[in-house]
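# Results of the structural survey
Chain by chain, the residues:
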Amino acid sequence: MHLESLRGEDVRLPAGRLVTADEGDGGTRPLWLSDGPAPFGLWGRIRAAHPRTGLWPLLLEPLERERGFRPWASGELCPEEACRPADHDPAAVLAGWWQGCTAIDEEDDVLSAEERLAVTAPYGTVWPGLAAGRAVTEDPDALAAEHADVFQSFGTDARLGLVEAASGAEALARVGWSGPANHEGDTARIAAVAADWERRFGARVFAVGFATLRLSVAAPPATLEEALPIAAEHFAFCPDNVWQGPCRDLTAYAEHLVGADLWTFWWD
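For clarity, every value in this text was computed on a predicted model and none was experimentally measured.

Thresholds applied
Residues numbered from 1 in each chain as written. Predicted model: local features only at pLDDT ≥ 70, side-chain atom pairs only at ≥ 80, totals over all residues. Heavy atoms only, no water. Core = buried A, V, L, I, M, F, W, Y, C linked by side-chain atoms within 4.5 Å. Buried < 20%, exposed > 50% of the residue type's maximum accessible area, 1.4 Å probe, protein only. Helix = DSSP H or I, 4+ residues; strand = E, 2+ residues; numbered from the N terminus. Contact = heavy atoms within 4.5 Å. Salt bridge = Lys/Arg side-chain N within 4 Å of Asp/Glu carboxyl O. 1 Å grid on protein atoms, 1.4 Å probe; cavity = no way out; pocket = protein on both sides within 12 Å on 5 of 7 lines; lining within 4 Å. Points joined across faces, edges and corners; volume = space filled by probe spheres on them. Nonpolar A, V, L, I, M, F, W, Y, C, P; charged D, E, K, R; others polar.

Within the largest apolar cluster, 74 residues are counted, with the highest numbers of intra-cluster contacts made by W72, L213, F237 and F265. Tallying contributions element by element places helix α7 (residues 224-237) first for this core, with eight residues. Setting aside residues no more than four positions away along its own chain, W72 makes contact with V19, L31, L33, L60, E61, P62, L77, V175, W177, V208 and G209.

So, in structure tokens, the structure goes:
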């Protein structure tokens, strides 16, 4: 990792170190991690320098702040286990997840077939296909920097991480993040969908936790009609957003997506 490429970019890195992944046998060091909380405003300056440095910044949250800043400082990373995001078709990945999430098992399901179908109405078990992309109405990278600043203004002690990657979506696979493992074991498939959202909705990955993900969105849906198929994608991508969130069906979830320029995900 060429940290010296940041010199002359109005960037002064705080103290930090390269983290060695504890998975695999290659001694891979996919992440540079600051020793303390990320300095306010630094995320945007590093992201602006990304076309020249190839380093993507992430604001990294731990599972437990008092016990080793897991998984980042502890090296619980699996970069050698992920395929490349480009190896996956995001439409096929989402369709496969949707099929698994909407399958009805009348013997073991705590919901009746009718209750489960109501959650994913108006689609039921039928995958609606990818939502249409939208033209961005503002600079996606400037918006991501604003969200990073707002996130830090809440008093988070998130640390700064740097990953050699072409984008924030690719950084998820390159760093070996395994937060969605209970839903999907290959983070490259998660990254492939996030990369497609980068293209269709001007999304940018700016913060990652043990099993959480935050994206800014420069082209959010403007109407409920536009939001419904996006809500279906979110359900396939992270079903816990619906199953364990305040919105217990796609329509209610879609209502909250209208005009929302921040998408957050949490896997149990």
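Having seen it, we continue.
The next thing to look at is the pattern of salt bridges. One pass over the structure, following the stated rule, counts 11 salt bridges. Of the charged contacts in the structure, one is a salt bridge between E61 and R214, with a shortest N-O distance of 3.5 Å. Linking E61 in the loop between β3 (55-60) and α2 (90-102) with R214 in strand β6 (residues 212-217), this pair joins segments that are 153 residues apart in sequence. In this structure, the salt-bridge partner of R134 is E226, at a minimum N-O distance of 3.1 Å. Of the two residues, R134 sits in the loop between α3 (113-119) and α4 (140-153) while E226 sits in helix α7, which places them 92 residues apart along the sequence.

Attention now moves to the layout of surface pockets. Any empty space left between the atoms is revealed when a probe the size of a water molecule rolls over them. Looking at the largest pocket, its volume works out to about 390 Å³. Those elements that place two or more of their residues in the lining of the largest pocket are β4 (159-164), α5 (168-174) and α6 (187-201). Its residues assigned to classes, the lining of the largest pocket shows 14 nonpolar, three polar and six charged. When its volume is computed, the second largest pocket comes out at roughly 210 Å³. Those elements that place two or more of their residues in the lining of the second largest pocket are α9 (250-257) and β7 (262-266). Grouping the amino acids of the lining of the second largest pocket by side-chain chemistry returns seven nonpolar, five polar and no charged.

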